[in-house]
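Descriptive analysis of the structure
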Amino acid sequence: MELTVKQLSEARDTVESLLEQLGLRSYLFEVEPRGNHWEVRVECAPNSGWQSSVLSVGEGWLDACRIDNRARGKLLDEWRERLTAKPD
């Protein structure tokens, strides 16, 4: 995946927007290109205590989330499940 500074900035802005929509109280994140996908590392406190997660997002999904509400909703549902699930 060859990226421009603009693409990296847009990916970061999109991830931040998605995390805000999840309503997490506190979080830190990084977005990095990995081959044909984005790797999103998230540290958050969804309930009590911090947890770390690594989310893999297909190359076109973050772009789609900026313009397609259905794609945004699907990714939000997936991330909500991953980031707010209580440990077993």
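Here is a short report on the structure shown in this document. Everything quoted here is computed from the prediction, not taken from an experiment.

What follows is about the packing of aromatic side chains. Tallied over the full model, the rule gives one aromatic pair. When the ring of tyrosine 27 is compared with that of phenylalanine 29, the centres are 6.2 Å apart and the planes differ by 40°; the resulting orientation is tilted. Phenylalanine 29 shares its class with tyrosine 27; the two are buried.

With that settled, the discussion passes to the pattern of salt bridges. Taken as a whole and judged by the stated rule, the model has seven salt bridges. In this structure, glutamate 10 and lysine 6 form a salt bridge, with 3.8 Å as the shortest nitrogen-oxygen distance. Of the two residues, glutamate 10 and lysine 6 both sit in helix H1 (residues 5-21), four residues apart, roughly one turn of that helix. Residue classification places lysine 6 among the exposed residues on the basis of a relative accessible area of 60%. Put simply, arginine 34 and glutamate 32 hold a salt bridge, and the shortest N to O gap is 2.5 Å. On the basis of relative accessible area, arginine 34 is assigned to the partly exposed category, the value being 36%. Take glutamate 32: its relative accessible area is 24%, and that puts it in the partly exposed class. Connected through salt bridges with shared partners, the residues Lys6, Glu10, Asp63 and Arg66 form a single ionic network.

With that settled, the discussion passes to the sheet that holds strand S2 (residues 37-44). Strands sit in the order S1-S2-S3 across an open sheet of three strands; the sheet is antiparallel. Two strands in the sheet have a free side with no partner beyond their single neighbour: strand S1 (27-34) and strand S3 (51-58). Put simply, the sheet's adjacent strands are angled 20° from each other on average, direction ignored. With eight bridges joining them, S1 and S2 adopt antiparallel strand pairing. Bridging from a neighbouring strand, valine 31 pairs with valine 40 of S2. Along the sheet, H1 contacts S1 and S2; its crossing angle with S1, the most-contacted strand, is approximately 140°. On top of the sheet, helix H3 (residues 69-84) reaches S2 and S3; it is set at about 155° to S3, its chief contact.

Grouped together as the largest cluster of nonpolar side chains are 21 residues, with contacts concentrated most on Val15, Leu19, Val42, Leu62, Trp79 and Leu83. Elements with a contribution of two residues or more to this core: H1, S1, S2, S3, helix H2 (61-67) and H3. Beyond its immediate chain neighbours, meaning those up to four positions away, leucine 19 contacts Leu24, Tyr27, Phe29, Val42, Trp79 and Leu83.

Parameters at a glance
- Residues numbered from 1 in each chain as written.
- Predicted model: local features only at pLDDT ≥ 70, side-chain atom pairs only at ≥ 80, totals over all residues.
- Heavy atoms only, no water.
- Phe/Tyr/Trp six-rings, centres within 6.5 Å; stacked < 30°, edge-to-face > 60°.
- Buried < 20%, exposed > 50% of the residue type's maximum accessible area, 1.4 Å probe, protein only.
- Salt bridge = Lys/Arg side-chain N within 4 Å of Asp/Glu carboxyl O.
- Helix = DSSP H or I, 4+ residues; strand = E, 2+ residues; numbered from the N terminus.
- Pairing = 2+ DSSP bridges.
- Axes fitted to C-alpha atoms, helices over the stretch in contact; angles between N-to-C directions.
- Contact = heavy atoms within 4.5 Å.
- Core = buried A, V, L, I, M, F, W, Y, C linked by side-chain atoms within 4.5 Å.

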